[in-house]
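What follows is each chain in one-letter form.
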Amino acid sequence: MASFGFALLGPLRVTAADGAELEIRGKGRQTLLAALLLGAGTVVSLDRLVELLWGEKRDSRADARIYNQITRLRHALLDAGERVRAVPPGYVIDVEPGEFDLHVFAEHNAAARAATLAGDWALAEQRYSAALALWRGTPLADMPALAGLPDVVRLDEERWAAVLGRGEAQLNLGRHGDLLPELRALAEQEPEREALHRQLMLALYRSGRRGEALDVYRALSRTLDEKFGLEPGAETRELYERIKHEESARNQLPADTRLFTGRESEVGRLLALANSAAGQREASVPGAVTISAVDGLGGVGKSALAVHVAHRMGGLFPDGQLFIDLRGHTMGLDPITPHAALGYLLRSLDVPEHQIALDAEERVAQLQERLAGTKTLILLDNAASTEQVRPLLPAVPGCMALITSRARLADLSGAHAFKLDVLPGPAARDLLCAAAGRNRIRPDDPALGDLVELCGRMPLALRIVAARLRHEPDVSVASLVAMLRADGERLRNLRDDDRGLTDIFECSYVALPEARRRALRLLGLVPGIEFGTHAAAALFEVKPDEAAELLAALVAHNLLMEPRSGRFRFHDLMRLYAREVAERDEPEAARRAAVERLYHWYAATARDAALVAYPSWPGVGLPPHYGAVEPLAITAPEQALDWYDLERDNLLAAVEAAEGAEGEGLAAYGWRLPAAMWQFTELRGKVGDRLFLSQIGLRCAESAGESVGRSLMLRCTSTALAEAGRFDDAIEVGLRSLRYAREDGDRLEEAKLLSNLSVAHNRAHRLDAAIDYCRQSVRLFDELGDEMLAIPPRINLATSLTMIGRTVEAVPYAAEAVELSRRTGNRVYLGSSLAQLGNCLFDLTPPDYAAAEPVLREAIEVVRDTGNRHHEATALARLGLVCEATGRPAEALASLRASRRIVTQLGSELFRGFAEALERLERSERLESSEERSEESPEKRQEGPAGPEEREDGEREDGAQRPAPPSAGSAS
């Protein structure tokens, strides 16, 4: 069949195989061909064709007239005439791939969307541009019978989606400057298209034209208000706020709304308190702190009031406006603990993670220290109790805390309490009318009062109902009243912890196709807060592309949020609803299978990522699984670490949920996930997670009756307890695990545990016992013939012997560790053993500097390659002391400074001996510099300070922070 071309994206056009354009004469034949092409590949009924061609002029001869038109059309199409076939109850036209511009346009668009989801912006721009290049004008503008068809009208929206998609790709490619002229012209053509204005705002902002970006928003806001009585959407308002505040981390307030209505008395009182707080700071009033607590029913508008007032008072608190949702009354979710909330506030105040105290009382002190001397507002939203918020309150003058809670915090000493009730009737009417859009509701509509009362005059319910009126032209106030009354005052339960909102969500839910309803239900089973496309694909048991489409559809229906590209989350209330409908509508077996698929995906991806990031880890087997679960393909250590950083909170939540998931078969994952995560806790320095993971993992392994998991988690628990300074507990767990291993006759596990116990005793400075356990471990590994696992206990033995001054005995063990590392090809252990051998040679009496220096230099080279920054810092410091002792102060200074930089990055500090040497060398350097400067001429001294120092030897380019690899007795 010869290749023809059919085009509707502009005037109708048909081209023959040789490229020549075919003339289709007559409006009837043109309309007939276009109608068939709109349904290409499907049968268009005779009734439909007659209606499109002649409308009301139909008569008894219609069939014959259509037949005549079909015959003439076939003749006009030449060789393609056979493409038009009679198939009851009408006709169909066949087109080949690549022949029809609508199909090609759709293919380009689909490929561009897939490239966007994959982050391939260059390909996305290419495919969107190819799609738009097909457009030659307005489709079928010269065919009135077809131009108004929904399928034709929808084409223009699809074109705009492609325009916006191409703009998004160009912005992500950094072409904001080139994009500006086109965006300006398009924005003038479409003054009401928000997404277009957002792109223009972003392009201007990234071009350094922040003021113009804000002007674009203001112009859009005026246009929408004047034409429709609307304000820009949430996404546009949030972009405006980010640009306005230049994305400052200390300006965390959610976007305000122009539709805030009523509450004049409360706003006035809160603003007066804010001015009082600012005045106390200026007057240095000791101990004067302003605390305002707003309480009321869920959905009554507490958060909206607090955010609105916080924006109004922002200028009074220039040092920061912090916001945190404490989840005090979010059903199905535990309130955020004061300990976790303090950590969040400290991070918001620029305290580095490694400097945040572990103890809660110390965190309180850190918070007050950071707030001292500042004008800072802290908005604590959705608080559970006085006990939750009291540690979070500022205790320094000039700061202010604004609290919202469903419970009245009566015992919060010194707080100004506000009881917030539902809106008065007139204010509730005003809010509903404004939110629904200008002229959408007549103020004298007889049903308006009933609708307001059915919403309980509560702002949240009023806004939800207003959104339906705004977006669904066929819905009236009266029809909404009838619908809400039909189920017996549905919204009355809004007064009871928001549970009545289920009825509102139900309206959106039942309107979805079944595939999307199922997706919503299953997402309610996710244990974490946030999830990505691949995790959803495992949950749904579909391919990632299909999962992406389902997620995008739920976002489009405002049932799901996408706070950042490719990451999704529910609103808290919608998450609760999704869980409820999962239990109601999804069979129990299907729920269990979906959750197991998700856990299998987490465990398989975490295992693969750990093997890539930490090659010496032996890995862990997964339970058998039946179903379509494809772990994420991870090929590079950086990708593995990025994935873990992204999913860490979800993995922790999954581990916690696995322990309590009775009957769901998740206990097997409850220890495998911690086993895979263990490597990342070392690589990312998240040692605070280790005790949590190991203890839950141990209980899950015991519950599942898996001895391998029990042994592994016991070792992990012992290690975590020792790291936490709980040495007696660590040793007790280690001894219990050792007893199990001996009872089972597992000599390899026994050897690993002996090494683990040596580390725990070493950390506790019980060195005689540490040495004894080391010797037992070395002897047992040697008997088993496992040369690689025999390396760590030799290193540990050398360490403990050196610590008690028996360095001469330590050297042979360190040397044996080096030899075994070379023989087995394990560079991780080679770096550790070389570093220890260098330490031993340095600590001899007298020190053997000549032998120590080459060993330390090789150790530095190896540990840099393997990423062991702790050993790198120690070896650099030792090398510095060697250089100082052998009369090379400049080299010594460079090495010690490089060591100091590394330990600072790791959140630690130099050992005293190293620090004293560095201080000694720097003091000598300053003295020499002063003497040299005193010898310079006055003219030379007036030239100013010297340029920046040259880069010191030992500096790392990447600044990576990887702790030392585990010994054989760890989770490895």
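Bear in mind that the values here come from a model prediction, so they are computed numbers and not experimental data. All residue numbers here refer to positions counted from 1 along the written sequence of the relevant chain. It should be noted that, the model being predicted, local features are given only for residues of pLDDT at least 70 and side-chain atom pairs only at 80 or more, the latter also being counted only at that level, while totals for whole chains, interfaces and linings use all residues. Based on all heavy atoms of the structure, the side-chain values leave hydrogens and waters out of the count.

Participant: Quick rundown of the nonpolar core? Include the residues and the values.
Facilitator: Counting residues in each nonpolar core, the largest one holds 90 residues, and the members touching the most others are L523, F540, W643 and L673. No other element matches the 11 residues that helix α26 (residues 588–613) contributes to this core. The criterion used for residue contact is that any of the two residues' heavy atoms lie within 4.5 Å. The contact partners of F540, leaving out residues within four places of it in the chain, are R518, A519, L522, L523, A547, L550 and R597. Listed in part, the 45 residues of the second largest apolar core include F6, L9, L73 and A76. Buried residues of nine kinds, namely Ala, Val, Leu, Ile, Met, Phe, Trp, Tyr and Cys, make up a nonpolar core once their side-chain atoms join them within 4.5 Å. Under the scheme applied here, a residue whose accessible area is under 20% of the maximum for its type counts as buried, over 50% as exposed, and between as partly exposed, the area being computed with a 1.4 Å probe on protein chains only. Only runs of H or I of at least four residues qualify as helices and only runs of E of at least two qualify as strands under DSSP, and these elements are numbered from the N terminus.

Participant: Explain the packing of aromatic side chains to me, and be specific about the residues and the numbers.
Facilitator: The description of an aromatic ring pair rests on the distance of the ring centres and on the angle between the ring planes. Each pair of aromatic rings taken from Phe, Tyr and Trp, with Trp reduced to its six-membered ring, is defined by centres within 6.5 Å and is described as stacked if the planes are under 30 degrees apart, edge-to-face if over 60, and tilted in the remaining cases. Enumeration according to the criterion identifies 7 aromatic pairs in this entry. Taking 6.1 Å as the distance between ring centres and 70 degrees as the angle between the ring planes, the aromatic pair formed by W601 and W643 counts as edge-to-face. Pair noted here: W601 is in helix α26 and W643 is in helix α27 (residues 637–660), with a separation of 42 residues, a long-range link. According to the relative accessible area criterion, W601 is buried, its value standing at 2%. We classify W643 as buried; its relative accessible area is 6%. Ring pairs connect the aromatic residues W601, Y602 and W643, which therefore count as one cluster. In our convention, an over-ring charge means Lys NZ or Arg CZ found within 6 Å of a ring centre and within 35 degrees of that ring's normal. A cation over a ring is seen here: R159 above W160, with NZ or CZ 5.2 Å from the ring centre. Above the face of the Y740 ring, R710 is positioned so that its terminal group lies 4.0 Å from the ring centre.

Participant: Go over the pairing of strand β10 (residues 400–405), please, and point to the residues and values.
Facilitator: Of all 6 residues that make up β10, 6 are buried, and the element is covered over most of its length. As paired elements, strand β7 (residues 290–296) and β10 share 6 bridges and run parallel to each other. For I291, the partnering residue across the bridge sits in β10 and is A401. Paired strands, in this sense, are two strands between which DSSP finds at least two bridges. Both strand β9 (residues 376–383) and β10 contribute to a ladder of 5 bridges, which runs parallel. Within β10, the position partnered with L380 by the bridge is I403.

Participant: Give a description of the side chain of T31 that names residues and reports values.
Facilitator: By the element assignment, T31 lies in helix α1 (residues 27–38). For T31, a relative accessible area of 6% translates into the label buried. T31 has contacts with L52, L53, M143 and L146, leaving out every residue within four places of it along the chain.

Participant: Residues and numbers for the confidence of the model for the chain, please.
Facilitator: Residue-level confidence of the predictor, termed pLDDT, takes values from 0 up to 100. For the chain, the average pLDDT comes to 81, and 86% of its residues sit at 70 or higher. Under a pLDDT of 50 for its full length, residues 937–972 has, in the predicted model, 84 contacts with residues more than four places off or in other chains.

Participant: Go over the sheet that holds strand β14 (residues 567–569) with me, naming the residues and quoting the values.
Facilitator: Taken in spatial order, the 3 strands of this open sheet run β12-β14-β13, and their pairing is antiparallel. On the outer flanks of this sheet lie β12 (530–532) and β13 (561–564), each paired with one strand and no other. The mean angle between the axes of side-by-side strands here comes to 45 degrees, regardless of whether they run parallel or antiparallel. For β13 and β14, the ladder comprises 2 bridges, and the chain directions are antiparallel. Within β14, the residue paired with R564 across the bridge is R567. To obtain each axis, a line is fitted to C-alpha atoms, and for helices this fit is confined to the stretch in contact; angles are then taken between N-to-C directions over 0 to 180 degrees. Relative to β14, α27 is tilted by about 25 degrees, and along the sheet it contacts β12, β13 and β14.

Participant: Outline unusual backbone geometry, supporting the account with residue identities and numerical values.
Facilitator: Note the cis peptide between P88 and P89, where omega equals 10 degrees. Between T845 and P846 the backbone carries a cis peptide bond, its omega angle lying at -5 degrees. Assignment of secondary structure puts P846 in the loop between α36 (827–843) and α37 (849–866). The backbone of N382 shows a phi angle near 60 degrees, a positive value even though the residue is not glycine.

Participant: Requested: an account of helix α32 (residues 747–763), with residues and values cited.
Facilitator: Relative to the 24 Å expected for 17 residues at 1.5 Å per residue, α32 spans 25 Å between its end C-alpha atoms, a close match to the ideal helical length. Counted as a polar contact is a pair of N or O atoms within 3.5 Å, where, for protein atoms, one must be capable of donating a hydrogen and the other of accepting one, and residues adjacent in sequence contribute only when both atoms are in side chains. Sitting at the head of α32, D746 places a side-chain oxygen 3.4 Å from the backbone nitrogen of L748. Each helix should span, by expectation, one fewer than its residue count multiplied by 1.5 Å.

Participant: Explain helix α23 (residues 533–540) residue by residue, including any values.
Facilitator: A large share of α23 lies buried, amounting to 7 of its 8 residues. Looking only at α23, the buried set comprises T533, A535, A536, A537, A538, L539 and F540. In the segment just after α23, E541 is the residue with positive phi, at about 60 degrees.

Participant: Outline the pattern of salt bridges, listing residues and values.
Facilitator: In what follows, salt bridge is the name for a side-chain nitrogen of Lys or Arg lying within 4 Å of a carboxyl oxygen of Asp or Glu. Tallied over the full model, the rule gives 56 salt bridges. One salt bridge connects R193 with E190, and the closest N-O pair in it is separated by 3.5 Å. Since its relative accessible area comes to 17%, R193 is described here as buried. Residue E190 is classed as partly exposed on the basis of its relative accessible area, which comes to 25%. A salt bridge links E853 to R857, with the shortest nitrogen-to-oxygen separation between them at 3.2 Å. Of this pair, E853 and R857 both sit in helix α37, separated by 4 residues, roughly a single helical turn. A network of salt bridges, in which partner residues are shared, links E514, R517, R521 and E586.

Participant: Outline the side chain of S718, supporting the account with residue identities and numerical values.
Facilitator: Counting through the fold element by element, S718 comes out in helix α30 (residues 707–723). Exposure remark for S718: the relative accessible area of 2% places this residue in the buried category.

Participant: How would you explain the sheet that holds strand β3 (residues 21–22) if you had to name every residue and give the values?
Facilitator: If you trace the 3 strands from one edge of the open sheet to the other, you get β1-β2-β3, paired in antiparallel fashion. Edge positions in the open sheet fall to β1 (5–7) and β3, since each of these has one partner strand only. Taken together, the 2 bridges between strand β2 (residues 13–15) and β3 define a ladder with antiparallel strand orientation. Pairing of T15 across the sheet is with E21, part of β3.

Participant: Go over the environment of D445 with me, naming the residues and quoting the values.
Facilitator: Tracing the sequence through the fold places D445 in the loop between α17 (425–436) and α18 (448–454). Sequence separation of D445 and A478 is 33 residues, and the distance between their C-alpha atoms is 8.8 Å. Within the structure, D445 has its side chain in polar contact with the backbone nitrogen of A447 (distance 2.9 Å).

Participant: Pulling in residues and values, what's your account of the packing of helix α35 (residues 807–824) against α36?
Facilitator: Viewed as axis vectors pointing N to C, α35 and α36 meet at an angle of 155 degrees, and their least axial separation amounts to 8 Å. Taken together, the axis directions place α35 and α36 in an arrangement best described as roughly antiparallel. Crossing geometry of α35 relative to α36 is assigned as left-handed. Contacts from T807, A810, V811, A814, A815, A817, V818, S821 and R822 in α35 reach Y829, L830, S833, L834, Q836, L837, C840, L841 and D843 in α36. Throughout, the ten residues Ala, Val, Leu, Ile, Met, Phe, Trp, Tyr, Cys and Pro are labelled nonpolar, Asp, Glu, Lys and Arg are labelled charged, and all others, Gly among them, are labelled polar. Taken together, the residues of the contact of α35 with α36 break down into 12 nonpolar, 4 polar and 2 charged. Roughly parallel means an angle under 35 degrees; roughly antiparallel, over 145; roughly perpendicular, 65 to 115; everything else is oblique. We call a crossing left-handed when the near helix sits turned anticlockwise from the far one by less than a right angle, and right-handed when that turn is clockwise.

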